[in-house]
Amino acid sequence: MFSTSRGISFSLALAISTFLTAFLSLLEDTTSTLLIVAGGLSFGISYLLINISLEFLIFREIGSIYSVLEKIQKKDLAVAKKHKNSLSPLKNVQGTINAYAEAKNREIEALQKNEAFRREFIADISHELKTPIFAAQGYIHTLMDGAVEDLMVRDKFLKRAAKSLGNLDKLVQNLITLNQMESGVVKFQFVPFDLREVIQEAVDQLEEKAQRRHITIQFKFDPNVHAITFADKDKIFRVVQNLLSNAIKYNVDHGMVSIQLKAKKNRFEIKVKDDGKGIPPEDLKRIFERFYRVDKSRSREQGGTGLGLAIVKHILEGHKTKISVTSTLGKGSLFSFSLPIYQKSGTNPSLRVSKGE
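Treat the numbers as computed from the prediction; the structure is a model and nothing was measured.

I keep staring at the pattern of salt bridges and nothing clicks. Help me out?
Opposite charge on two side chains makes pairing possible when the charged atoms of those side chains draw close. In the structure shown here, the tally under the stated rule is 7 salt bridges. Lysine 271 serves as the salt-bridge partner of glutamate 269, at 3.5 Å between the closest nitrogen and oxygen.

Set out below in structure tokens:
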């Protein structure tokens, strides 16, 4: 690169010097000494100016561009440092190539993350499907091998097989629901409804489950506030039901589950708190992923599919809101989300329905 720039500089400087000398030789009273001095000075000055211009404004930038291109060819997309104060006319070209390299780098990182997620998802779903299928097969094969003659064993094993198949059906249904939500197929029917009634219905439904472990569910709300929101009633019921179910499942015996409904500015805030052992900090960012469990063995024993919180997340995202969680080890966890207060003036979002079903 240096030899090329010097060669071009030498040729151009020699041409300029020759032209100037020839021009001066045509003038009267021009001495040979003047021609030599003028030719030498013009050559030296031209050479220096042209060489510096080529080196710093063109060839250096071209070298940087080649360096980035070589990295792209080698799939090493670490972007070269940009020259903030560069006056080179090739600066925009280099900036474009750098931006391209950055975009490709982000694309490759995303593909790598997606590939890792795909492998993990396949491994998880294979295990989740295998567990209830193998359990049901085991009970049925035992009955087929002769245990069916024992009425007590038959009834017990049939109930266990039915429970395993029920867990399998629940898992498949949750997978279908989650897939439909992620692909934008599920309909959201937004209507005004009493949020307090929906929460109370979920509490009533899970009260027996809580009583089996002597857990108290406490619903806190202001009776003077009309809790009318504008959302998909069935899906919000599912959100509340899932959060309450988890609060009971991961609570301690004789513990407390509290759900609070509070009006705050133009939104209702819903909080679900338990007295369980809490969630480790390293798990907090992943609990809304499909099949992710903090305590895998305990969750499977209690019939969890590992999809509930993922569905909750997608339902609330469909309502333009988010689920948040805070947790302290040994003291429990707090899940919260918000929904809009219904305004009769017509300022609510219009009925939104996604395509398909």
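Just checking my understanding: could you explain the sheet that holds strand S7 (residues 332–340) for this structure?
Across a sheet, strands are paired by hydrogen bonds formed along the backbone, either parallel or antiparallel in direction. If you trace the 5 strands from one edge of the open sheet to the other, you get S2-S4-S5-S7-S6, paired in mixed fashion. Both outer strands of the open sheet, strand S2 (216–221) and strand S6 (324–328), are each paired with one neighbouring strand and no more. Within the sheet, the average angular offset between the axes of one strand and its neighbour, ignoring direction, is 15°. One ladder, built from 5 bridges, connects S6 with S7; its direction is antiparallel. Bridging from a neighbouring strand, threonine 326 pairs with leucine 334 of S7. Of the strands in this sheet, S2, strand S4 (256–264), strand S5 (267–274) and S7 touch helix H5 (residues 195–211), which is tilted by about 170° from S2.

Can you walk me through the nonpolar core in this structure?
General note: in soluble globular proteins, nonpolar side chains tend to be found buried as a group. Core analysis: the largest hydrophobic core is formed by 50 residues, its most contacted members being Leu195, Ile199, Leu244, Ile259, Ile270, Phe335 and Phe337. Every element with two or more residues in this core is listed here: helix H4 (151–182), H5, S2, helix H6 (233–249), S4, S5, helix H9 (308–318) and S7. Per-element accounting of this core gives the leading share, 8 residues, to H6. In contact with leucine 244, not counting residues within four places along its chain, are Ala202, Val203, Leu206, Val257, Ile259 and Val272.

Criteria and cut-off values
- Residues numbered from 1 in each chain as written.
- Predicted model: local features only at pLDDT ≥ 70, side-chain atom pairs only at ≥ 80, totals over all residues.
- Heavy atoms only, no water.
- Salt bridge = Lys/Arg side-chain N within 4 Å of Asp/Glu carboxyl O.
- Pairing = 2+ DSSP bridges.
- Helix = DSSP H or I, 4+ residues; strand = E, 2+ residues; numbered from the N terminus.
- Axes fitted to C-alpha atoms, helices over the stretch in contact; angles between N-to-C directions.
- Contact = heavy atoms within 4.5 Å.
- Core = buried A, V, L, I, M, F, W, Y, C linked by side-chain atoms within 4.5 Å.
- Buried < 20%, exposed > 50% of the residue type's maximum accessible area, 1.4 Å probe, protein only.

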